[in-house]
Amino acid sequence: VRPLYALVSQTLRFAPVLEKLLAGSALLRVEKKLSPHLAKVLVYDLLFGNGLRSGGRWKARVRQHRARLEAELARMKVQQKVSRNEDLLGPSLSSAAPQVPRYVRVNTLKTCVDDVVDFFKRQGYSYLGKATSMQDLRGLAGKKFLLDLHLPELLVFPPQTDFHDNLLYTSGHIILQDKASCLPAFLLDPAAGSHVIDACAAPGNKTSHLAAILKNKGQIFAFDVDTKRMATMNTLLTRAGVTAFQLAQQDFLTVDPSDPKYRRVAYILLDPSCSGSGNMQGCSRALAARTLANGGSPTGMVTRALQEAAASAQRLQVLATFLHKALSHALSFPALRRLVYSTCSVHQEENEDVVQAVLQESGSAFRLVHAFPSWPCRGLPAFPGAECCLRASPADTLTQGFFTAVLERCEEGAAAPRKKLQVAAEENPQLREGTEPGAAPKKRKRKKKHVK
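What counts and what doesn't
- Residues numbered from 1 in each chain as written.
- Predicted model: local features only at pLDDT ≥ 70, side-chain atom pairs only at ≥ 80, totals over all residues.
- Heavy atoms only, no water.
- UniProt positions renumbered as here; feature names shortened; annotations may be inferred.
- Buried < 20%, exposed > 50% of the residue type's maximum accessible area, 1.4 Å probe, protein only.
- Helix = DSSP H or I, 4+ residues; strand = E, 2+ residues; numbered from the N terminus.
- Pairing = 2+ DSSP bridges.
- Expected span 1.5 Å × (residues − 1).
- Arc of directions from axis to C-beta.
- Contact = heavy atoms within 4.5 Å.
- Polar contact = N/O pair within 3.5 Å; in protein donor to acceptor, adjacent residues only side chain to side chain.
- Salt bridge = Lys/Arg side-chain N within 4 Å of Asp/Glu carboxyl O.

In the nomenclature of an unreviewed UniProt entry, the chain corresponds to NSUN5 methyltransferase from the organism Centropus unirufus. Its UniProt record gives the chain a comment under Sequence similarities (unreviewed entry), which states: "Belongs to the class I-like SAM-binding methyltransferase superfamily. RsmB/NOP family."

Put into structure tokens, the structure is as follows:
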């Protein structure tokens, strides 16, 4: 699905160029039954994409015109005095928004970072070591890759690097997961042997990340309401080598916190359905598919994108009410020590406002943890302490738009982050500037019992 949407999105981006190619080559005059919109997709894939790996019965017909199309493309480059296909777009279209790198999470249930790095090096990639700044990530190009500067098991490749057919991906040794999406499990950091709930789990990337952190020791209870998504998640988790999990096709809001099955649940990852306003890549793909199918223009696509991105106040209120219920429900599990709340939304109504309201309701039972002090993008100043939250965006963090908050129970015994974050602080001096979340509670000295 992803390669298909990427193909459609790029076809729309190159639409002005493709229209000139079709006109100059007279392809549609020869192939009168070929739809102009399908022709654009096929010609883009043939000349700029993967060499026309798809296209059904029209694939062979369009290939017959390859020489004519390539000649027309060469003529256009000479006419515009450019050498690259990208330059045909002109400055207004070629200078697009920041491109998000390809992030690859190493699945430590099956392999380790060093072995994956060696594998890619044997495939002709050049390893540049650990990144030291965001600028290192922005400068990636060609077959070069880095170890991420924030997350210890995340490799970073240039944008649009495709690993869907790579052996490491098909065997579950690597997970293709956006960096921001890796934050929730990383910050929850459950101890091996713990019982964890992944409240809205499908498609399962965060669940597999939790399992890797747990080293398959303990138990993960994963919930989702959609049958197809559950089936997809089961396949993904099996491929990733996850064993300590139970799937339940159930609305998390209907899960009974007093059920004995969950009496040992100390950690919850809550990443509920939201507006998805931060996932601009996904939004643009879906919009591109609809626009192309309806014969729309690139200008119309941009206009509709702006209209659809601006979620109505009424819809946001409905979503905020649901998210409030979900977070309140999660905090009602009696043994809960630590919770991570995350969304792929950029709206304050779904993020800081929900956290503030639920914390006010909980009184002194839970506190907001100042998570990951070195993370460059913090929560909006909606309430005192909102800077404890994390935000992410394509411009600031080279990720999808994302929000994360870490909550801990205030009473004695609250879960503390483990050695992993301490090691990260040692390796990254920036982490020493602030206090890591949830310092371990001091142990009380037990009074010795005198035996009479």
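Student: I'm lost on the pairing of strand β10 (residues 338-343) in this one. Help?
Tutor: The buried count for β10 comes to 6 of 6 residues, which makes it a mostly enclosed element. Here β10 shows no split at all, with R338, V340 and S342 on one side and L339, Y341 and T343 on the other all buried. As defined by bridge partners, strand β9 (residues 265-270) adjoins β10 across 4 bridges and the pair is classed as parallel. Bridging from a neighbouring strand, L269 pairs with V340 of β10.

Student: Sorry if this is basic, but what is going on with helix α13 (residues 227-239) here?
Tutor: Think of an α-helix as turning once every 3.6 residues; residues three or four places apart then point the same way. Helix length check: α13 (13 residues) gives 19 Å between terminal C-alpha atoms against 18 Å at 1.5 Å per residue, within 8%. All buried positions along α13 are accounted for by M230, M233, L236 and L237. Along the axis of α13, the buried residues cluster in a sector spanning 125°; they form a single face. Of the exposed residues in α13, the ones pointing more than 90 degrees away from its buried face are K228, T235 and T238. Tucked inside the fold, the buried residues of α13 contact α12 (205-214), β7 (219-224) and β8 (245-249). Between the side-chain oxygen of the N-cap and the backbone nitrogen of K228 there are 3.1 Å, and the N-cap of α13 in question is D226. Looking at the residues trailing α13, positive phi occurs at G241, about 80°.

Student: Help me out: how do you make sense of the pattern of salt bridges in this one?
Tutor: If the charged atoms of two oppositely charged side chains come close together, the side chains can form a pair. In this structure the tally under the stated criterion is 11 salt bridges. Between E31 and R61 there is a salt bridge whose closest N-O contact spans 2.6 Å. Within this pair, whereas E31 is found in the loop between α3 (27-30) and α4 (36-47), its partner R61 is found in helix α5 (residues 58-63), the two being separated by 30 residues in sequence. When its relative accessible area of 37% is taken as the criterion, R61 is described as partly exposed. Shared partners join several salt bridges into a network, and the residues in it are R338, R367 and E408.

Student: Which parts of the structure should I look at to understand the environment of Q123?
Tutor: Looking at where Q123 falls in the secondary structure, it is placed in the loop between α8 (113-122) and β2 (126-130). Spatially, the C-alpha atom of Q123 lies 9.5 Å from that of K143, the residues being 20 residues apart in sequence. Not counting chain neighbours up to four residues away, the residues in contact with Q123 comprise K143 and N166.

Student: How should I be thinking about the UniProt feature "coiled-coil region" (unreviewed entry) in the chain in this particular structure?
Tutor: The UniProt feature table records "coiled-coil region" (unreviewed entry) at residues 59-86. The straight-line gap between the two end C-alpha atoms of residues 59-86 is 24 Å; of that span, 71% is helix and 0% is strand.

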